[in-house]
Amino acid sequence: MRNLLPLTSTSGYKIAFLSPQTFEETRDAIAALKDGEILLFNLAELGPLQAQRISDFVSGCACALSGHKAVVGNGVVLFAPPTVQITVPA
């Protein structure tokens, strides 16, 4: 068993899981997206208008950075920088 090597990841990607309660909390998330982090937003506990406002704002920022957006589930949205491709199964 001496020939076994540990599996290590070299991707270097960070995923930030966020459940913002206010619009102001998204500013730090945008800085993280600029730094190349992947953002997973849980907006399910917010009201529909506030969730839509936050989603639209972060979507616009991701678009300005040539990033990507994918709706993962009910109220859960994934934002990725341009260096990360999101693949959605057909």
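Residues numbered from 1 in each chain as written. Predicted model: local features only at pLDDT ≥ 70, side-chain atom pairs only at ≥ 80, totals over all residues. Heavy atoms only, no water.

Let us now look at the packing of aromatic side chains. Under the definition given, this model contains two aromatic pairs. Above the ring of phenylalanine 23, the side-chain terminus of arginine 53 is found at 3.9 Å from the ring centroid. (Phe/Tyr/Trp six-rings, centres within 6.5 Å; stacked < 30°, edge-to-face > 60°. Lys NZ or Arg CZ within 6 Å of the ring centre and 35° of its normal.)

Residues Leu39, Phe41, Leu43, Ile54, Val58 and Phe79 are the most contacted members of the largest nonpolar core, which totals 17 residues. For this core, the secondary structure elements donating two or more residues are α1 (26-34), β2 (38-42), α2 (48-64) and β4 (76-80). Per-element tally for this core: the top contributor is α2, with five residues. Sequence-distant contacts of phenylalanine 79, that is, excluding residues within four places in its chain, are made with Leu33, Ile38, Leu39, Phe41, Ser55, Val58, Ser59, Ala62, His68 and Lys69. (Core = buried A, V, L, I, M, F, W, Y, C linked by side-chain atoms within 4.5 Å. Buried < 20%, exposed > 50% of the residue type's maximum accessible area, 1.4 Å probe, protein only. Helix = DSSP H or I, 4+ residues; strand = E, 2+ residues; numbered from the N terminus. Contact = heavy atoms within 4.5 Å.)

Turning to α2, a few remarks are in order. Under the 1.5 Å per step criterion, the end-to-end length of α2 is 24 Å for 17 residues, consistent within 8% with the ideal 24 Å. Within α2, burial applies to Ala51, Ile54, Ser55, Val58, Ser59, Cys61 and Ala62. The buried residues of α2 occupy an angular sector of 165° when the element is viewed end-on, so they sit on one face. Opposite the buried face of α2, by more than 90 degrees, sit the exposed residues Leu49, Arg53, Cys63 and Ala64. Taken together, the buried residues of α2 touch α1, β2, β3 (68-73) and β4. Once α2 ends, the next one or two residues include serine 66, with phi positive near 65°. (Expected span 1.5 Å × (residues − 1). Arc of directions from axis to C-beta.)

Nothing here speaks to function; it is all geometry.
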